[in-house]
Amino acid sequence: MHLLIPYAAHADPTCRQVWQGLQLPRLQHLLRHMRALPPTAWDAQAPVLPHEQLHAAEFGLLPRAPAWAALHAQQLALPNATEQAWAFVTPCHWQVGQAQVTLLAPEELALSAAESQALLTAMQPYFAEDGITLLYDSPTRWLAGGEVFRDLQASSLARALGRDVAPWLPASPTLRRLQNEMQMLLYTHAVNEARSARGALTVNSFWLSGSGALPSPLSPPQGAVTLVPDLMPAAQRGDWAGWGRAWEEIDATHLAPLLTALQQDTPQIQLTLCSEQGALRYVPASTGLWSRITRIFDPNPLSGIPDKL
């Protein structure tokens, strides 16, 4: 059993203040009976976040360039899913400011299936001209297949959300041009005109992520890793009060089975806490006498987590 918790801490001072007041008895108990593995060096400029790299490795994907879209195409049994290169295309809103263009969370659009399919239908011929097949998957996620994605290292949505899009755009001239063309197409599309008339955010661009082709051979998943995304929405909005409530809910729900498994000496237990800058991975500690005595007098094991992450 392995729990992977993104956005477990953040550098924001308000987040750190909220952390100090949280009641997390199960997490505190777990950390008193687990030890942290040696930390891994993380590249702050990597196109995917630490938790995404760890999650990708569990599925046999390249950590820094995980082909999530190709894996999803294989799971859907799409034609040529294993051989072809794929990417996720997310219809989104870019908020234009004086100094930068910021990517907003796709959920803020509240895009309906009908709206999404109408936009996709309008965009498909333009993608096809560049040898890209565009398929509907969900209102805020489409699948795109084509050779242009084979060696493309695309930045994840989580990496770019709430930030200036410029450093995280794909390096491909073809995709940059296509993005510009779609911005012009979307500007006058009937779906956006209707959304604008009712005061809703418009779909004025798209984001590419999860690009590439599957490794051959693809390694099977290494273990029962469970990604716990509950902290992500509040953290990405900077809602630290909501983030704190989500942490206490995680402590009461997701961490309870892990604590039970630890108490029952279940093998291969892991807990990984991630931030945007790093990760702390914990495994069961030694049960020797000195180790047990030391833990009794240890300070609050939660106190140092924000600084370590």
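Preceding this section is the structure that the text describes.
Residues numbered from 1 in each chain as written. Predicted model: local features only at pLDDT ≥ 70, side-chain atom pairs only at ≥ 80, totals over all residues. Heavy atoms only, no water.

Some points on the overall build of the protein chain
Part 1 of the argument: The helix and strand tally for the protein chain stands at 13 helices and eleven strands.
Part 2 of the argument: Computed over C-alpha atoms, the radius of gyration of the protein chain comes to 22 Å, within 12% of the 19 Å expected from 2.2 N^0.38 for 309 residues, which places it in the range of a compact globule.
Part 3 of the argument: Overall size of the protein chain, expressed as C-alpha extent along the three principal axes, is 70 × 45 × 30 Å.
Part 4 of the argument: Evaluated residue by residue, the protein chain yields a buried proportion of 45% over its 309 residues.
Part 5 of the argument: Counting only contacts in the protein chain whose residues sit at least 6 apart along the sequence, the fraction spanning at least 24 positions is 74%.
Part 6 of the argument: Total accessible area on the protein chain is roughly 14,900 Å²; 55% of this is exposed by carbon and sulfur atoms.
Part 7 of the argument: Separation of charge centres in the protein chain, based on 19 positive and 25 negative side chains, amounts to 8 Å. (Helix = DSSP H or I, 4+ residues; strand = E, 2+ residues; numbered from the N terminus. Rg over C-alpha atoms; globule rule 2.2 N^0.38 Å. Buried < 20%, exposed > 50% of the residue type's maximum accessible area, 1.4 Å probe, protein only. Contact = heavy atoms within 4.5 Å. Areas by Shrake-Rupley, 256 points an atom, 1.4 Å probe, with all protein chains shown as cover. Lys, Arg positive; Asp, Glu negative; His and termini not counted. Charge placed at Lys NZ, Arg CZ, Asp CG, Glu CD.)

Regarding the sheet that holds strand β6 (residues 133-138)
Part 1 of the argument: What the four strands build is an open sheet, ordered β6-β7-β3-β8; its pairing is antiparallel. For this open sheet the edge positions go to β6 and β8 (205-212), each flanked by a neighbour on one side alone. If you compare each strand with its neighbour and ignore which way they point, the axes differ by 30° on average.
Part 2 of the argument: Of the pairings in the sheet, the one linking β6 to strand β7 (residues 141-145) comprises five bridges and is antiparallel in character. Counterpart to L135 in the pairing with β7 is L143.
Part 3 of the argument: Sitting on the sheet, helix α4 (residues 68-75) touches β3 (86-92), β6, β7 and β8, and the angle it makes with β3 is about 105°. (Pairing = 2+ DSSP bridges. Axes fitted to C-alpha atoms, helices over the stretch in contact; angles between N-to-C directions.)

What about helix α3 (residues 50-58)?
Part 1 of the argument: Counting buried positions over the nine residues of α3 gives eight, a clear majority of the element.
Part 2 of the argument: After α3 finishes, the residue G60 shows a positive phi value of roughly 80°.

Some points on the nonpolar core
Part 1 of the argument: Among the nonpolar cores identified, the biggest contains 38 residues, and I5, W243, W247, L255 and L271 are the most heavily contacted of them.
Part 2 of the argument: Secondary-structure elements contributing two or more residues to this core are β1 (2-5), α1 (13-20), α2 (25-32), α9 (232-237), α10 (240-252), α11 (255-263), β10 (270-274) and β11 (279-284).
Part 3 of the argument: Residues within four places of L255 in sequence aside, it is in contact with L3, I5, R26, L27, L30, W247, I250 and L271.
Part 4 of the argument: Counting residues in hydrophobic clusters, the runner-up holds 24 residues, among them A85, F127, M182 and V191. (Core = buried A, V, L, I, M, F, W, Y, C linked by side-chain atoms within 4.5 Å.)

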